[in-house]
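What the coordinates show
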Amino acid sequence: MQLIQQDPDLSAYMAADEVIDHHHPVVRETAARLAHEAADSYAYARAAYLHIRDTVAHSADSGDPRVTWRASDVLEQRTGICHAKAHALAALLRAEDIPTALCYQRLTHDTGTGHCLHGLVAVRFRGAWHRQDCRGNKPGVEAHFSLEGERLAWVPDAGAGEADLPGLYAAPDPGIVEVMRNAPDRSRLWEDLPDTLRADR
């Protein structure tokens with residue numbers, strides 16, 4: 001699949017906003033701690049990925065009812081769904097001037113009925129974008145940081161209506177953020193997750 005950079009200006013993929021708030025002290029402190037032990041930007045990107053994948057619980061796996069959507073809150077509360085974790089990883093990477101995009105897959109909903117969007121990031125290294133899935137590993141689900149071929153949690157099944165979406169976005173999809181901001185708890189969030197990007201409607 002050919003990934004499509006939606007904004008031609010690469011600096012857009014290093015910007016801060018209300019969701020990817022990489023100027024927040026919690027984000028800056030976490031980034032500084034991880035960068036201190038990293039030999040170069042690649043090592044830092046891998047360390048940031050592992051930090052989000054392994055120390056921030058996926059709230060569906062842990063049963064945590066809290067909903068986080070802002071990167072700093074995800075880092076502070078150490079919980080979130082895939083989209084929240086992608087926001088936090090994007091913030092950590094952008095904090096160290098690594099261009100990072102938000103991207104998505106359309107997957108079958110965990111309930112087995114219908115579809116929902118799954119959140120990923122893509123990092124820019126060696127003149128190309130590389131998708132990464134930091135949702136967190138568990139039995140039957142395994143993803144790893146890689147610039148040598150994708151090692152994502154899932155490969156979409158086209159026969160089941162699943163798909164890799166090619167867009168690389170500088171900001172999170174507003175439809176997803178709206179649902180996350182308004183959800184009273186994770187169970188309700190799970191029910192309301194969209195299956196299409198607002199940007200594509």
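Every chain's residues receive numbers from 1 upward, in the order its sequence appears when written. The predicted origin of the model limits local features to residues at a pLDDT of at least 70 and limits the giving and counting of side-chain atom pairs to 80 or more, whereas totals for whole chains, interfaces and linings rest on all residues. Processing note: side-chain calculations cover all non-hydrogen atoms of the structure and skip hydrogens and water entirely.

Let's shift gears to empty space enclosed by the protein. A water-sized probe rolled over the atoms picks out the places where empty space is left. The way it works is a 1 Å grid over only the protein atoms, where trapped points that fit a 1.4 Å probe form a cavity and open points with protein on both sides within 12 Å along at least five of seven lines form a pocket, and then any residue with an atom within 4 Å of a point lines it. Grid points are joined across faces, edges and corners, and a volume is the space filled by probe spheres set on the points. Summed over the entire model, instances satisfying the criterion amount to 1 cavity of 30 Å³ or more. Each pocket or cavity is described by its volume, and for the largest cavity that value is around 30 Å³. Along the walls of the largest cavity sit Ser-59, Arg-66, Val-67, Thr-68, Gly-80, Ile-81, Arg-186 and Leu-189, which together make up its complete lining. Within the lining of the largest cavity, the residues separate by chemical class into 3 nonpolar, 3 polar and 2 charged. Residues are grouped as follows: Ala, Val, Leu, Ile, Met, Phe, Trp, Tyr, Cys and Pro are nonpolar; Asp, Glu, Lys and Arg are charged; all remaining types, including Gly, are polar.

By convention a nonpolar core is built from buried Ala, Val, Leu, Ile, Met, Phe, Trp, Tyr and Cys residues, the set being connected through side-chain atoms within 4.5 Å. Relative accessibility decides the category of a residue: with a 1.4 Å probe and only protein chains considered, values under 20% of the type maximum give buried, values over 50% give exposed, and everything between is partly exposed. Judged by nonpolar contacts, the single largest core of 52 residues is most densely connected at Tyr-44, Ile-52, Leu-89, Leu-92 and Leu-93. Helix and strand definitions follow DSSP, with helices as H or I runs of at least four residues and strands as E runs of at least two, each counted in order from the N terminus. Elements with a contribution of two residues or more to this core: α1 (25-36), α2 (41-55), α4 (71-77), α5 (82-95), β4 (100-108), β5 (115-125), α6 (174-182) and α7 (186-192). Here this core takes 9 residues from α5, the largest share from any one element. Any pair of residues with heavy atoms lying within 4.5 Å of one another is described as a contacting pair. When sequence neighbours within four positions are dropped, the list of residues in contact with Tyr-44 reads Ala-31, Leu-34, Ala-35, Ala-38, Leu-92, Leu-93, Glu-96 and Ile-98. Of all hydrophobic cores here, the second largest spans 11 residues; its members include Leu-3, Ala-101, Ala-122 and Ala-170.

Of all the 11 residues making up β5, 10 are buried; the element is thus mostly covered by neighbouring parts of the structure. In this description, strands pair whenever DSSP reports at least two bridges between them. Where β4 and β5 come together, 9 bridges link them in antiparallel fashion. Counterpart to Cys-103 in the pairing with β5 is Leu-120. In this sheet, strand β6 (residues 128-132) lies alongside β5 in antiparallel orientation, the contact comprising 5 bridges. Looking across to β6, one finds that Ala-122 is bridged to Arg-131. Connecting β5 to the antiparallel partner β6 that follows it, the hairpin turn spans 2 residues, and Arg-126 within it adopts a positive phi of roughly 55°.

This brings us to unusual backbone geometry. At Arg-78, a position not held by glycine, the phi torsion is positive, near 60°. Examined against the element boundaries, Arg-78 turns out to sit in the loop between α4 and β3 (79-80). Owing to a relative accessible area of 37%, Arg-78 belongs among the partly exposed residues under this scheme. Residue Arg-126 is not a glycine yet carries a positive backbone phi of 55°. Locating Arg-126 in the fold gives a position in the loop between β5 and β6.

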